[in-house]
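Architecture at a glance
Each chain, letter by letter, is given below.
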Amino acid sequence: MAALNTKPNIAAPDDFYADLLAAHEGLSKAESDAFNARLILILSNHVGDRDILREALAAAKAQNEEEKRS
């Protein structure tokens, strides 16, 4: 089983971030939230491994809890 990779792994991350922002241009908050949900599901399907997806959910939740404490 593979492990969740949380280290930087995106070539040209600033360019990807610009692409992500551009994809949200002109969207309402509700449309932007729906877009994010679809993107998450598409990428989750690509990953496909339930154990990795559970690790990702736990990591995101832990980071969210850490930010709340800050």
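A brief structural summary. All values reported here derive from a predicted model rather than from experimental measurement. (Residues numbered from 1 in each chain as written. Predicted model: local features only at pLDDT ≥ 70, side-chain atom pairs only at ≥ 80, totals over all residues. Heavy atoms only, no water.)

Across its full length, the protein chain holds 3 helices and 0 strands. Starting at the N terminus and walking to the C terminus, you meet the elements of the protein chain as α-α-α. Taking 11 Å as the expected radius of gyration for a compact globule of 70 residues, we find that the protein chain reaches 14 Å, considerably beyond that expectation. Projected onto the principal axes, the alpha-carbon positions of the protein chain cover approximately 40 × 30 × 25 Å. Looking at the protein chain as a whole, 4% of its 70 residues are labelled buried. Taken as a whole, the protein chain presents about 6,100 Å² of accessible surface, with 58% of it coming from carbon and sulfur. (Helix = DSSP H or I, 4+ residues; strand = E, 2+ residues; numbered from the N terminus. Rg over C-alpha atoms; globule rule 2.2 N^0.38 Å. Buried < 20%, exposed > 50% of the residue type's maximum accessible area, 1.4 Å probe, protein only. Areas by Shrake-Rupley, 256 points an atom, 1.4 Å probe, with all protein chains shown as cover.)

Our focus in this paragraph is the side chain of His 24. Along the polypeptide, His 24 turns up in helix H1 (residues 13-24). On the basis of relative accessible area, His 24 is assigned to the buried category, the value being 16%. In contact with His 24, not counting residues within four places along its chain, are Ser 32, Phe 35 and Asn 36. (Contact = heavy atoms within 4.5 Å.)

Over its 20 residues, helix H3 (residues 50-69) extends 29 Å from the first C-alpha to the last, a length consistent with the 28 Å expected when each residue adds 1.5 Å. The N-cap residue of H3 is Asp 49: its side-chain oxygen and the backbone nitrogen of Asp 51 are 2.9 Å apart. (Expected span 1.5 Å × (residues − 1). Polar contact = N/O pair within 3.5 Å; in protein donor to acceptor, adjacent residues only side chain to side chain.)

Let's shift gears to the pattern of salt bridges. When the charged atoms of two side chains lie near each other, side chains of opposite charge can form a pair. Enumeration according to the criterion identifies 3 salt bridges in this entry. The salt bridge partner of Asp 33 is Lys 29, with a shortest N-O separation of 2.9 Å. Taken as a pair, Asp 33 and Lys 29 lie in helix H2 (residues 29-47) at a separation of 4 residues, close to a single helical turn. Looking at Asp 33, the relative accessible area reads 37%, which means it is partly exposed. (Salt bridge = Lys/Arg side-chain N within 4 Å of Asp/Glu carboxyl O.)

Turning our attention to the side chain of Ser 32. Relative to the assigned elements, Ser 32 resides in helix H2. Its relative accessible area of 16% is what places Ser 32 among the buried residues. Excluding its chain neighbours within four sequence positions, the residues that come into contact with Ser 32 are His 24 and Leu 27.

Another point: unusual backbone geometry. Phi at Ala 12 takes a positive value of approximately 50°, unusual for a residue other than glycine. Residue classification places Ala 12 among the partly exposed positions, given a relative accessible area of 41%.

Bear in mind that shape data such as this cannot, by itself, settle questions of function.
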